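Coordinates in review
Residues per chain are reported as follows:
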Amino acid sequence: MRADTTERITDKFLRGRGRQRLSDDELALLDRTVDRVRELPARHTLVRTGDRVKTSTLLLEGFMCRYIDDHAGYRQLVAIHVPGDFVDLHAFPMERLDHDVATLSPARIASWTHDALEGIVETRPHLTRMLWFSTLLDASIHREWIFRMGRLDAEGRIAHFICELKTRLDMVGLVDDDRFLLPLKQADVAEACGLTGVHVNRVLRSLRERDLMTFRTGQVTIMDWKQLSALGQFDPGYLRGGL
Amino acid sequence: MARLEPETVAGKVIADSGVVLLDGPGGVAVAMTADAARETGRRLIEAADLAEHQPPEPA
């Protein structure tokens with residue numbers, strides 16, 4: 001019997017992306033093996049490049065990112081995480097990360113020791129496969145981010161970025177009638193899309209003036225999904241929704 | 001699948017908030033100071049003049 005209660009720590013894990021393939025027993029095991037749940041302030045670095053990592057983290061509430069700074073200190077966000085995402089499950093086999101992991105907003109996280117994950121790997125092949133699947137989703141998103149940066153102009157990049165976040169947040173029930181909270185600064189959008197702040201500001205103004213979307217005080221409203229997704233050449237297939 | 005070829009359509013250029021924004025073609029999205037934009041423009045024109053007189057790369 002499946003008991004998808006809201007009390008579960010793993011309530012949003014793989015929601016909309018194959019969660020139904022997890023048995024109640026598997027979800028209960030994940031919940032039972034959590035090492036600790038804690039709250040972090042905004043702009044808090046959880047893992048630094050090269051650190052030896054002995055836990056992996058599931059984001060329960062808030063927004064987190066992975067980033068790499070260049071030699072001059074300019075930051076490139078290489079991933080944004082929304083509730084339900086493991087932010088560093090790849091640290092389990094890799095042990096050290098090649099990027100930093102930080103909160104963008106206040107966040108609530110749960111962490112598993114790698115010893116606990118080792119126990120799952122050794123005894124629960126299907127759950128292991130689903131955890132592997134979640135890291136492969138990250139890889140899929142990374143490929144799309146390469147496409148975004150390599151082939152799209154400024155408008156396309158931002159349109160694609162917003163469409164992706166809307167789709168991912170929708171999967172975990174955080175979109176309300178084409179509106180969603182996005183507690184990011186324009187500088188964060190710039191760092192995710194490889195643009196300057198001025199460029200982001202200009203594009204957002206243009207998208208607003210054309211009644212495609214608005215991004216104000218941490219809230220996005222999409223008025224014309226069809227045009228916005230066309231502008232960003234956004235095809236949600238890579239997010240594996242509904243699997 | 002199309003192979004990437006040199007762009008035949010010029011990028012969009014605008015001035016906003018004291019900087020020059022170049023959008024496209026393709027994945028180009030750059031913001032430059034006025035001085036950097038002016039110098040880039042000069043270099044582009046110079047290279048375009050040279051390119052016009054060069055034989056195309058054999059297919």
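Structure shown above.
The notes below deal with the structure included here.

Basis of the calculations
Residues numbered from 1 in each chain as written. Chains lettered and ligands numbered in written order. Predicted model: local features only at pLDDT ≥ 70, side-chain atom pairs only at ≥ 80, totals over all residues. Core = buried A, V, L, I, M, F, W, Y, C linked by C-beta atoms within 7 Å. Buried ≥ 20, exposed ≤ 12 C-beta atoms within 10 Å, placed from the backbone. Helix = DSSP H or I, 4+ residues; strand = E, 2+ residues; numbered from the N terminus. Domains from an automatic or database assignment. Contact = placed C-beta atoms within 7 Å.

This part is about the nonpolar core. All names here are of chain A. Ranked by size, the top nonpolar core spans 56 residues in total, and within it Met 64, Ile 158, Ile 162, Val 189 and Leu 228 carry the most contacts. Looking at this core element by element, the count peaks at eight residues for helix H5 (residues 154-171). When residues of this core are assigned to domains, at least three map to each of domain 1 (19-145) and domain 2 (153-239). Not counting residues up to four positions away in its chain, the partners in contact with Met 64 are Leu 59, His 81, Val 87, Val 101, Ala 102, Thr 103, Leu 104 and Ala 107.

To continue, consider the environment of Glu 7 of chain B. All names here are of chain B. Relative to the helices and strands, Glu 7 resides in the segment before strand E1 (12-16). The spacing of Glu 7 and Gly 26 is 19 residues in sequence and 8.0 Å in space, taken between C-alpha atoms. Non-local contacts of Glu 7, meaning those with residues more than four positions away in its chain, are made with Pro 25 and Gly 26.

Omega for the peptide link from Gly 24 of chain B to Pro 25 of chain B comes to 0°, which places this bond in the cis form. The topology assignment puts Pro 25 of chain B in the loop between strand E2 (19-23) and strand E3 (29-32). Of note in this structure, Leu 14 of chain A is not a glycine but carries a positive phi near 60°. Overall, the presence of 24 C-beta atoms within 10 Å leaves Leu 14 of chain A in the buried class. The phi torsion at Asp 211 of chain A lies on the positive side, around 60°, for a residue other than glycine. You can call Asp 211 of chain A exposed: it has 10 C-beta atoms within 10 Å.

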